Amino acid sequence: MEFDPSGQAPDDLSHAGSVVDKAIEYMAGQNISEIAIASAMLGGALGLMAKTMPDSAILNVLANATRSVQAGELRQMAPQNG
């Protein structure tokens, strides 16, 4: 996967995101709880990172995720209920 300076997601990232969205949709249709889906997806992602990245890179990813939560960026992305 290459970085695109224009800010566009690379094709493989877009494709992977679509597959993940469909997997989440499927699991929700199987009445799997949202927390179970999220926990399984996070665990799988961390496992894949552990296979392919050094610990320092994983910690950078997690630090970026923490900053996004603290800044409210994830809430801005989430659909609003109501």
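Criteria and cut-off values
Residues numbered from 1 in each chain as written. Predicted model: local features only at pLDDT ≥ 70, side-chain atom pairs only at ≥ 80, totals over all residues. Heavy atoms only, no water. Patch = residues over 30% accessible without salt bridge, like charges linked within 9 Å, V, L, I, M, F, W, Y side chains within 5 Å. Areas by Shrake-Rupley, 256 points an atom, 1.4 Å probe, with all protein chains shown as cover. Salt bridge = Lys/Arg side-chain N within 4 Å of Asp/Glu carboxyl O. Helix = DSSP H or I, 4+ residues; strand = E, 2+ residues; numbered from the N terminus. Buried < 20%, exposed > 50% of the residue type's maximum accessible area, 1.4 Å probe, protein only. pLDDT = per-residue confidence, 0-100. 1 Å grid on protein atoms, 1.4 Å probe; cavity = no way out; pocket = protein on both sides within 12 Å on 5 of 7 lines; lining within 4 Å. Points joined across faces, edges and corners; volume = space filled by probe spheres on them. Nonpolar A, V, L, I, M, F, W, Y, C, P; charged D, E, K, R; others polar. Contact = heavy atoms within 4.5 Å. Expected span 1.5 Å × (residues − 1).

1. Brief notes about a nonpolar patch on the surface
No. 1: On the surface, L42, L46, L59 and L62 cluster together into a nonpolar patch covering about 350 Å² of accessible area.
No. 2: When residues of the nonpolar patch are traced back to their parent elements, those giving at least two are α2 (34-52) and α3 (55-70).
No. 3: Inspection of the secondary structure assignment puts L46 in helix α2.
No. 4: Residue class for L46 comes out partly exposed when judged on its relative accessible area of 30%.

2. A short note on the confidence of the model for the protein
No. 1: Averaged over all residues, the pLDDT of the protein is 88; the fraction at 70 or higher stands at 85%.
No. 2: The secondary-structure element of the protein with the lowest mean pLDDT is helix α4 (residues 73-77), recorded at 84, while α2 shows the highest, at 96.

3. Describing the layout of surface pockets
No. 1: By volume, the largest pocket is sized at about 1,300 Å³.
No. 2: If you trace the largest pocket, you find 28 residues lining it, with V20, A38, M41, L42 and A45 closest to the centre.
No. 3: Elements that contribute at least two residues to the lining of the largest pocket include exactly α1 (11-29), α2, α3 and α4.
No. 4: Here the element with the most residues in the lining of the largest pocket is α2; it accounts for 12 residues.
No. 5: Taken together, the residues of the lining of the largest pocket break down into 23 nonpolar, 3 polar and 2 charged.

4. Comments concerning the side chain of S68
No. 1: Along the chain, S68 turns up in helix α3.
No. 2: Ignoring any residue separated from it by four or fewer positions in sequence, one finds S68 in contact with E73 and L74.

5. Considering α3
No. 1: Compared with the 22 Å implied by 1.5 Å per residue over 16 residues, the 22 Å span of α3 between its first and last C-alpha is a close match.
No. 2: Among the residues trailing α3, G72 stands out with phi positive, at a value near 80 degrees.

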